[in-house]
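If you want the building blocks of each chain, they are given just below.
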Amino acid sequence: MSVSHQADPVKRARLRWRGRRGLLENDLIVTRFLDAYEETLSDEEVEAFSILMELPDNDLLNLLLARNEPEESLDLPHVHALLEKMRAA
């Protein structure tokens, strides 16, 4: 049985490291979001966050700023829900 994100400080630190971005705008948005929600993210939200962090910086920024909506493999309910939370943070 794996330990949930909230209960494992190593997993939380890894998540924060994963959130570091090359594009300053992304870095600011992601850091602000993690500062507000990191300790309370569900495992499903962590999965959605990991999916988003795989994107190139410009694609991520377009999603965060609602210029685009998730399509194809990103068009998942938990990705949409996390994006809404990130946009509001």
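Preceding this section is the structure that the text describes.
This section reports on the structure supplied with the text. Keep in mind that this is a model prediction, so the values were computed, not measured.

Rules used throughout
- Residues numbered from 1 in each chain as written.
- Predicted model: local features only at pLDDT ≥ 70, side-chain atom pairs only at ≥ 80, totals over all residues.
- Heavy atoms only, no water.
- Helix = DSSP H or I, 4+ residues; strand = E, 2+ residues; numbered from the N terminus.
- Buried < 20%, exposed > 50% of the residue type's maximum accessible area, 1.4 Å probe, protein only.
- Areas by Shrake-Rupley, 256 points an atom, 1.4 Å probe, with all protein chains shown as cover.
- Axes fitted to C-alpha atoms, helices over the stretch in contact; angles between N-to-C directions.
- Parallel < 35°, antiparallel > 145°, perpendicular 65-115°, else oblique.
- Contact = heavy atoms within 4.5 Å.
- Nonpolar A, V, L, I, M, F, W, Y, C, P; charged D, E, K, R; others polar.
- Expected span 1.5 Å × (residues − 1).
- Arc of directions from axis to C-beta.
- Left-handed = near helix turned anticlockwise from the far one by under 90°.

### Describing the overall build of the chain
Looking only at helices and strands, the chain features five helices and zero strands. The order of α-helices and β-strands along the chain, N terminus first, is α-α-α-α-α. Within the chain, buried positions represent 36% of all 89 residues. Total accessible area on the chain stands at roughly 5,500 Å², and carbon and sulfur atoms take up 52% of it.

### What about the packing of helix α3 (residues 43–53) against helix α5 (residues 77–88)?
Geometry of a packed helix pair, given as the angle between the helix axes and the separation of the axes. Between α3 and α5, whose axes approach to 9 Å, the crossing angle comes to 85°. Between α3 and α5, the angle falls in the class roughly perpendicular. Every residue of α5 that contacts α3 at E44, E45, E47, A48, F49, I51, L52 and M53 is listed here: H78, V79, L82, L83, K85 and M86. Of the residues contributing to the contact of α3 with α5, the split by class is nine nonpolar, one polar and four charged.

### As for α5
Three or four residues apart is the spacing at which side chains of an α-helix point the same way, because the helix has 3.6 residues per turn. A rise of 1.5 Å per residue sets the reference length of α5, with its twelve residues, at 16 Å; its end C-alpha atoms lie 17 Å apart and thus fit the reference within 8%. Restricting attention to buried positions, one finds in α5 the residues H78, V79, L82, L83 and M86. For α5, the buried positions fall inside an angular range of 135° around the axis, keeping them on one side. The exposed set on the far side of α5, more than 90 degrees from its buried face, consists of P77 and A88. Against α2 (24–37), α3 and α4 (57–64) lie the buried residues of α5.

### Concerning the packing of α2 against α4
In the contact formed by α2 and α4, the axes pass within 9 Å of each other and the chain directions differ by 50°. Taken together, α2 and α4 sit at an angle that is classed as oblique. The two elements α2 and α4 cross, and the hand of that crossing is left-handed. Contact residues: α2 offers E25, N26, I29 and V30, while α4 offers D57, L60, L61 and L64. Split into classes, the residues belonging to the contact of α2 with α4 amount to five nonpolar, one polar and two charged.

Taken by themselves, the reported measurements are silent on function.
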